[in-house]
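What follows is each chain in one-letter form.
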Amino acid sequence: MPPTPAVPHGKRPTLADVAARAGVSTALVSIVMRDAKGAGAATRERVLQAAQEIGYRPDARARLLRSHRSHLLGVQFGLQHPFHSDLLEGVYAVAEPAGYQIALSAVAAGRGEQRATDTLLADRCEALILLGPQAPAARLAELAAQLPVVSVARRLRGAAPGVEVVRTADDEGARQAVDHLVALGHRDIAHIDGGSAPGAADRRRGYRTAMGRHGLADRVRVLPGGLTEEDGAAGARALLDTTPRPTAVLAFNDRSATGVLDTLLRARVPVPDEISVVGFDDSHLARLAHIDLTTVGQDIPRLAELAVSRAIARLEGERVPDGEAVVAPHLVIRGTTAEPA
């Protein structure tokens, strides 16, 4: 028969409730929960059993707030970006074993980056990890004057002193995509770019450089785009209206590429039989079986490891390597690319 609840239904159990259940003092329960010395093995087991029976969970945030340090890393991310979701998994995997907790603040429609970072500062975060920030460099420098700041997936070119930068070699990723398509036999390769999004300029440059290296500079075709499926769809519609149509498209990211795929599907243009499509990021979206997208993969575990380790190194007073941390991309070939018809 299960034990009778020690607290009223709907009330969060407290240390006092655990103490009453275990028949010990509240101070002794606190010692056990802090894993401090002063409690014997049998008593410790009894207290932990009582806590489990009544559903007590230590309030980690309250404990941190009582301490001199918070050991909180604040992470700003884009709510609609699959790549950011994948990065968050990597950040948790690195931070928690190092003794740091994560506070999240999303950027979404109606909730800008200023509000997102202000929320993290109010939570007493000791450092900020910003995923794909689009705020002006001066704003990032202002934040870096207050606490350690790591910018992930955005080149800053020294415009934001004090900000640590961890990014992928975006230009190299675009070059790998073009090299793959050219090796398949494509010559008319278009690029739907990312507009002013972080990484867009480097991917655009990588595409142009690769096309020129293959003697295809006169076939360069860059269409305005952006971060979303709608941006990719708009670019694809523009390409369908051109003559001759390209035989391959490099989209700014996986979301944009899915917009391209949707538009081509609706127009009954088979992929990859008539047009090959390449994305960028290798987010979980690209790996879905019905999408099966050839894409440029970013090394998410490595990016997360570098971002967290640089933030913690700054906090612990350890030496941080000079300059940006630039991670090599890798092409992931799936079902949306093939030889041109």
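Model, not experiment: these values are computed from the prediction. Within any chain, residue numbers begin from 1 and follow the written order of that chain's sequence. Per-residue local features of the predicted model are confined to residues with pLDDT of at least 70, and side-chain atom pairs are confined, for both listing and counting, to 80 or more; whole-chain, interface and lining totals are unaffected and use all residues. Processing note: side-chain calculations cover all non-hydrogen atoms of the structure and skip hydrogens and water entirely.

Asker: Can you explain the packing of aromatic side chains? Please cite residues and give values.
Answerer: Aromatic rings in a pair are described by how distant their centres are and how their planes are angled relative to each other. Note on ring pairs: Phe, Tyr and Trp rings are taken, using the six-membered ring of Trp, and paired if centres are within 6.5 Å. Classes follow the plane angle, with under 30 degrees stacked, over 60 edge-to-face and the rest tilted. The final tally for this structure, using the stated rule, is 0 aromatic pairs. Whether a charge lies above a ring is judged from NZ of Lys or CZ of Arg, which has to be within 6 Å of the ring centre and within 35 degrees of the ring normal. Directly above the aromatic system of Phe 280 lies the positively charged group of Arg 203, at a separation of 3.7 Å from the ring centroid.

Asker: Explain the nonpolar core to me, using residue names and the numbers behind them.
Answerer: In this description, a nonpolar core means a group of buried Ala, Val, Leu, Ile, Met, Phe, Trp, Tyr and Cys residues linked to one another through side-chain atoms lying within 4.5 Å. Classification of residues uses two cut-offs on accessible area relative to the type maximum, computed with a 1.4 Å probe and protein chains only: under 20% is buried, over 50% is exposed, and between them is partly exposed. Ranked by size, the top nonpolar core spans 28 residues in total, and within it Leu 73, Ile 129, Leu 131 and Val 152 carry the most contacts. Of all elements in the fold, only strand E1 (72-78), helix H5 (82-95), strand E2 (101-107), strand E3 (127-131), strand E4 (149-152), helix H12 (300-315) and strand E11 (325-327) reach the threshold of two or more residues within this core. For the purposes of this entry, the term helix denotes a DSSP run of H or I that reaches at least four residues, the term strand denotes a run of E that reaches at least two, and both are numbered from the N terminus. Among the elements that line this core, the one with the most residues is H12, at 8 residues. Sequence-distant contacts of Leu 73, defined by excluding residues within four places in its chain, comprise Ala 95, Tyr 100, Gln 101, Ile 102, Ala 103, Cys 125, Ala 127, Ile 129, Val 308, Ala 311, Ile 312 and Leu 315. Core analysis: the second largest hydrophobic core is formed by 19 residues, Ala 190, Ala 236, Leu 239 and Val 277 among them. Here a residue-residue contact requires only that any non-hydrogen atoms of the pair lie within 4.5 Å.

Asker: Please give an account of the sheet that holds strand E5 (residues 163-168) that cites residues and values.
Answerer: In this analysis, strands are considered paired if DSSP registers two or more bridges between them. Taken together, 6 strands build an open sheet; the order of strands is E2-E1-E3-E4-E5-E11 and the sheet is parallel. Each end of this open sheet is capped by a strand with a single partner; those strands are E2 and E11. Each neighbouring strand pair of the sheet contributes to a mean axis angle of 15°, computed without reference to strand direction. As judged from the 3 bridges shared by E5 and E11, these two strands associate in the parallel manner. Bridging from a neighbouring strand, Val 166 pairs with Ala 325 of E11. Note on geometry: axes are C-alpha line fits, over the in-contact stretch for helices, and angles between N-to-C directions span 0 to 180 degrees.

Asker: Could you give an account of the sheet that holds strand E9 (residues 276-281), with specific residues and numbers?
Answerer: Strand order in this open sheet of 6 strands is E7-E6-E8-E9-E10-E12, and the pairing throughout is mixed. If you trace the sheet from one side to the other, it starts and ends with strand E7 (221-223) and strand E12 (330-332), each paired once. Between one strand and the next, the sheet's axes are offset by a mean angle of 20°, whatever the strand orientation. Examined bridge by bridge, strand E6 (residues 189-192) and E7 share 3 bridges and lie parallel to one another.

Asker: Give me the side chain of Thr 168: which residues, what numbers.
Answerer: When you line up the elements, Thr 168 lands in strand E5. Of the residues examined, Thr 168 reaches a relative accessible area of 0% and is grouped as buried. Think of a polar contact as two N or O atoms within 3.5 Å of one another; within protein, one of them needs to be a possible hydrogen donor and the other a possible acceptor, and neighboring residues in sequence only count if both atoms come from side chains. Within the structure, Thr 168 has its side chain in polar contact with the side chain of Gln 298 (distance 2.5 Å). With sequence-adjacent residues up to four places away left out, Thr 168 is seen in contact with Gln 298, Leu 303, Val 326, Val 327 and Pro 329.

Asker: I'd like a rundown of helix H7 (residues 137-144), residues and numbers included.
Answerer: Taking burial as the measure, the 8 residues of H7 include 6 buried ones, the bulk of the element. Of all the residues in H7, the buried ones are Ala 137, Arg 139, Leu 140, Ala 141, Leu 143 and Ala 144.

Asker: Tell me what's going on with the layout of surface pockets, and back it up with residues and numbers.
Answerer: The pocket and cavity definitions rest on a 1 Å grid over protein atoms only: a 1.4 Å probe that fits but cannot leave marks a cavity, an open set with protein on both sides within 12 Å along at least five of seven lines marks a pocket, and residues lining either have an atom within 4 Å of a point. Grid points are joined across faces, edges and corners, and a volume is the space filled by probe spheres set on the points. Put simply, the largest pocket is a space of about 510 Å³. Around the largest pocket, the lining comprises 30 residues; the ones closest to its centre are His 81, His 84, Gly 132, Gln 134 and Leu 227. Of all the elements in the fold, those that place two or more residues in the lining of the largest pocket are E1, H5 and helix H11 (254-266). All residues other than Ala, Val, Leu, Ile, Met, Phe, Trp, Tyr, Cys, Pro, Asp, Glu, Lys and Arg, Gly among them, are scored as polar; the first ten of these are nonpolar and the last four charged. The class makeup of the residues in the lining of the largest pocket is 13 nonpolar, 11 polar and 6 charged.

Asker: Let's hear about the domain arrangement of the protein chain: which residues, and what values?
Answerer: An automatic or database domain assignment supplies the start and end points of every domain. Assigned domains within the protein chain: domain 1 (15-58), domain 2 (70-168 + 300-327) and domain 3 (170-298). Its C-alpha centre places domain 2 at a distance of 28 Å from the equivalent point of domain 3. Contact with domain 2, which involves 17 residues of that partner, is made by 16 residues of domain 3. For the domain 2 and domain 3 pair, buried surface summed over both sides reaches about 1,300 Å², with 50% attributable to carbon and sulfur atoms. Its largest share of buried area at the contact with domain 3, domain 2 owes to Pro 82, Phe 83 and Thr 168, together 36% of the area lost on that side. Criterion for a salt bridge: a side-chain nitrogen of Lys or Arg within 4 Å of a carboxyl oxygen of Asp or Glu. Where domain 2 touches domain 3, the interface holds 2 salt bridges. The set of elements that each furnish at least two residues to the side of domain 2 that touches domain 3 consists of H5, E5 and H12. Of all the elements, H5 adds the most residues to the side of domain 2 that touches domain 3, at 4 residues. Here the residues of the side of domain 2 that touches domain 3 are counted per class, giving 6 nonpolar, 6 polar and 5 charged. By convention, the term buried area covers the 1.4 Å-probe accessible surface removed from two parts as they join, with the contributions of both added.

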